[in-house]
Amino acid sequence: MVSSLRLSVNVTRWNPSSKEFAAALACLQPEERQRIIKFKFLQDAKLSLIGRLLIRYSLVKCVGAHARESRLLARDAKGKPVLSPLLPSSSLTLKKTHGKAEKLSFRFNVSHAGDFVVLAASDGCESLGVDVMNYRTPLNKSVSRYFDLMEENFTSKEWHQINDIGSIQQSSDEAEKMKLRHFYRHWTLKESYIKAIGVGLGMELQRLSFIPDDAMNYCAGTRHVCSAVACELDEQLLSSEEWQFEQSHLDEKHEASVAIHFNDKEQYNTYVENNGKREFEEISIDLLLQHLESLIDVDSEEMIKAQEMHLNMKERMERHL
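Residues numbered from 1 in each chain as written. Predicted model: local features only at pLDDT ≥ 70, side-chain atom pairs only at ≥ 80, totals over all residues. Heavy atoms only, no water.

## So, the overall build of the chain
Stage number 1. A tally of regular secondary structure across the chain gives nine helices and 14 strands.
Stage number 2. For the chain, the spread of C-alpha atoms along the principal axes amounts to about 60 × 60 × 35 Å.
Stage number 3. Among the 321 residues that make up the chain, the fraction classed as buried is 50%.
Stage number 4. Put simply, of all contacts in the chain between residues at least 6 apart along the chain, 65% involve residues at least 24 apart.
Stage number 5. Accessible surface for the chain amounts to roughly 16,400 Å². Of this, 48% is attributable to carbon and sulfur atoms. (Helix = DSSP H or I, 4+ residues; strand = E, 2+ residues; numbered from the N terminus. Buried < 20%, exposed > 50% of the residue type's maximum accessible area, 1.4 Å probe, protein only. Contact = heavy atoms within 4.5 Å. Areas by Shrake-Rupley, 256 points an atom, 1.4 Å probe, with all protein chains shown as cover.)

## Structural notes on the sheet that holds strand β10 (residues 230-233)
Stage number 1. Ordered by their spatial adjacency, three strands build an open sheet running β9-β10-β11, and the pairing between neighbours is antiparallel. Two strands in the sheet have a free side with no partner beyond their single neighbour: β9 (208-211) and β11 (236-237).
Stage number 2. Bridge count between β9 and β10: four bridges; the pairing is antiparallel. Bridge assignment links Leu208 to a residue of β10, and that residue is Leu233.
Stage number 3. Packed on one face of the sheet, helix α6 (residues 173-197) meets β9 and β10 and runs near 130 degrees to β9. (Pairing = 2+ DSSP bridges. Axes fitted to C-alpha atoms, helices over the stretch in contact; angles between N-to-C directions.)

## Here we look at the pairing of strand β6 (residues 107-113)
Stage number 1. Buried residues dominate β6, accounting for five of its seven residues.
Stage number 2. Relative to strand β7 (residues 116-122), β6 runs antiparallel, the two being bridged by seven bridges. Bridged to Val110 within β7 is Leu119.
Stage number 3. What sits between the antiparallel neighbours β6 and β7 is a turn of two residues, in which Gly114 has the positive phi angle 60 degrees.

Here's what the structure looks like:
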């Protein structure tokens, strides 16, 4: 078993037939299947399905969950997927210390944007959040107008960093692209933090002020993990033994940030010893499914209806192209 995973799936490389879609859906527990078949649009259903497959795969690989266990996930009060409290310990392979099973502190989170769905999962931390963004140009807005609309989400120090383009000519396309990269770099850090603490966008984002790792400017084209990130909350620097932040390029158009929260120094030291820094690994749906099992007969009435749903959504999408 592994204690930590960073996974990405390029969704553009999976265009399943209706039968293949239903076969993947059959690997999820009943409540998750029902959530997915209620989506109106095919892309939304596909993204949600991939995210749930990644979570299930991480539980099999990291905590030894049985691939056929139908009660792996539950939802907390905010609707966030969590490891089910009803899951029998016999369904997991727990680490042992001095002959006693340790308390399971496995955390996971998923995100999607652009071409990617990503998962970050780790044992031995208090909470964890991940966010991915693509360096998209704002629709129907100039970069400066877009920044004006987003002004209240960043501190003055952050805006200085976002607009710092060195010796590049201010009016050039290259300058705008660099500013957008800086902008999304800060945004993914903020998103990863608020996902880790579970408050959503209800938090006033100017309370957070990040200084990203400068190494991100020099490691494009690799998936090198950059972790020299500093964060202030209400102008107080967060301890690196309480919070760790990781940033990575996925490709030339996407990057991801992970926020990891620790209870104390002991938990932090144990995490660093067991996990270190993990690069995002791109994984195919075919490989995911090799480690999972169907929880329902693919020829059942429910799965036949799922195939019909997929076909209808696909036809509706093609009519609007």
